[in-house]
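Residue-level structure breakdown
As a plain string of letters, each chain reads:
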Amino acid sequence: MATLTQLLLPLALLVAVFILLRGHNQPGGGFIAGLVTAVALIVQYLAHGSAHMRERLSGATQPVIAAGLALATFTGLASWAFEHPFLTSTFGHMHWPVVGDFELASAMAFDLGVFLVVVGATLLILVNLGALHDSRIARKAHR
């Protein structure tokens, strides 16, 4: 099971990036991409256990959540600076050599902020569940 989850993690992250990049014009976006990433991380947690995840997670998930909230808020407030309603989006096109014409929208920054909040909250939950699990095991060992 653990080997399979190791192989599926990059695929899930690739799908999450795809959903994140297309979400400002089509179904998807930061919330759904964050959920896909969260499911991939939860599967890793279930397959490998709390010790494995603690080694890979720094435990400092609050800055990820704060950065996501700040980015999403700044994106909304930036439209006020240009005298448009809150969260008004603007866009432009960019040509990439291999990809071709690619639309860049300010809504992508908002989606990235939402993505960071969802992933950060999931990591916070996983870290706390692991700590709770470890403390229960330690209490049982002392009995």
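The structure contained in this document is the topic of the report that follows.

The rules behind the values
Residues numbered from 1 in each chain as written. Predicted model: local features only at pLDDT ≥ 70, side-chain atom pairs only at ≥ 80, totals over all residues. Heavy atoms only, no water. Helix = DSSP H or I, 4+ residues; strand = E, 2+ residues; numbered from the N terminus. Rg over C-alpha atoms; globule rule 2.2 N^0.38 Å. Areas by Shrake-Rupley, 256 points an atom, 1.4 Å probe, with all protein chains shown as cover. Lys, Arg positive; Asp, Glu negative; His and termini not counted. Charge placed at Lys NZ, Arg CZ, Asp CG, Glu CD. Core = buried A, V, L, I, M, F, W, Y, C linked by side-chain atoms within 4.5 Å. Buried < 20%, exposed > 50% of the residue type's maximum accessible area, 1.4 Å probe, protein only. Contact = heavy atoms within 4.5 Å. Pairing = 2+ DSSP bridges. Patch = residues over 30% accessible without salt bridge, like charges linked within 9 Å, V, L, I, M, F, W, Y side chains within 5 Å. Salt bridge = Lys/Arg side-chain N within 4 Å of Asp/Glu carboxyl O. Phe/Tyr/Trp six-rings, centres within 6.5 Å; stacked < 30°, edge-to-face > 60°. Expected span 1.5 Å × (residues − 1). Axes fitted to C-alpha atoms, helices over the stretch in contact; angles between N-to-C directions. Parallel < 35°, antiparallel > 145°, perpendicular 65-115°, else oblique. Nonpolar A, V, L, I, M, F, W, Y, C, P; charged D, E, K, R; others polar.

**Considerations on the overall build of the protein**
Each helix and strand in the protein was counted, giving five helices and two strands. In the protein, the order of α-helices and β-strands from amino to carboxyl end is α-α-α-α-β-β-α. Over its C-alpha trace the protein gives a radius of gyration of 19 Å, far above what one expects of a compact globule, namely 15 Å for 143 residues. By principal-axis analysis of the C-alpha atoms, the protein measures approximately 65 × 35 × 20 Å. Carbon and sulfur atoms form 72% of the exposed surface of the protein, whose accessible area is close to 9,200 Å². Across the protein, the 7 positively charged side chains and the 6 negatively charged ones have centroids separated by 28 Å.

**Digging into the nonpolar core**
Counting residues in each nonpolar core, the largest one holds 12 residues, listed as A16, I19, L20, A33, L41, Y45, M53, L57, F115, V119, L123 and L126. With near-sequence residues (within four places) excluded, L41 lies in contact with M53, V119, L123 and L126.

**What to know about the pairing of strand 2 (residues 100–105)**
Here strand 1 (residues 91–96) pairs with strand 2 via six bridges, running antiparallel. Bridging from a neighbouring strand, H95 pairs with D101 of strand 2. If you look at the hairpin formed by strand 1 and strand 2, you'll find three residues sitting between the two strands.

**Thoughts on a nonpolar patch on the surface**
A grouping of L4, L8, L11, L14 and V15 is seen on the molecular surface, where their side chains present a nonpolar patch of about 470 Å² in accessible area. By the element assignment, L4 lies in helix 1 (residues 2–22).

**Points about the packing of aromatic side chains**
Using the criterion set out here, one finds one aromatic pair in the structure. Ring geometry for W80 and F86: centres 5.4 Å apart, planes at 55 degrees, overall tilted.

**Examining helix 4 (residues 62–81)**
Between its first and last C-alpha atoms helix 4 spans 28 Å; for 20 residues at 1.5 Å apiece the expected length is 28 Å, and the two agree. Inspection of helix 4 places I65, G68, A72, T75, G76 and S79 among the buried residues, and these make up the whole buried set. A positive backbone phi angle near 60 degrees is found at E83, which sits one or two residues after helix 4.

**Comments concerning the environment of A60**
Residue placement: A60 occurs in the loop between helix 3 (50–56) and helix 4. Here the alpha-carbon distance between A60 and A107, two residues 47 residues apart in the chain, equals 27 Å.

**Observations concerning unusual backbone geometry**
Phi is positive for E83, close to 60 degrees, though the residue is something other than glycine. Its place among the elements puts E83 in the loop between helix 4 and strand 1.

**What about the packing of helix 1 against helix 2 (residues 30–48)?**
Angle between the axes and distance between the axes are the two parameters that describe a pair of packed helices. Close contact between helix 1 and helix 2 brings their axes to 8 Å; oriented N to C, the two are set at 170 degrees. The orientation of helix 1 with respect to helix 2, classified from their angle, is roughly antiparallel. In this structure, helix 1 uses A2, T5, Q6, L9, A12, L13, V15, A16, I19 and L20 to contact helix 2, whose residues at the interface are G30, I32, A33, V36, T37, A40, V43, Q44, A47 and H48. Across the contact of helix 1 with helix 2, the residue classes break down as 14 nonpolar, six polar and no charged.

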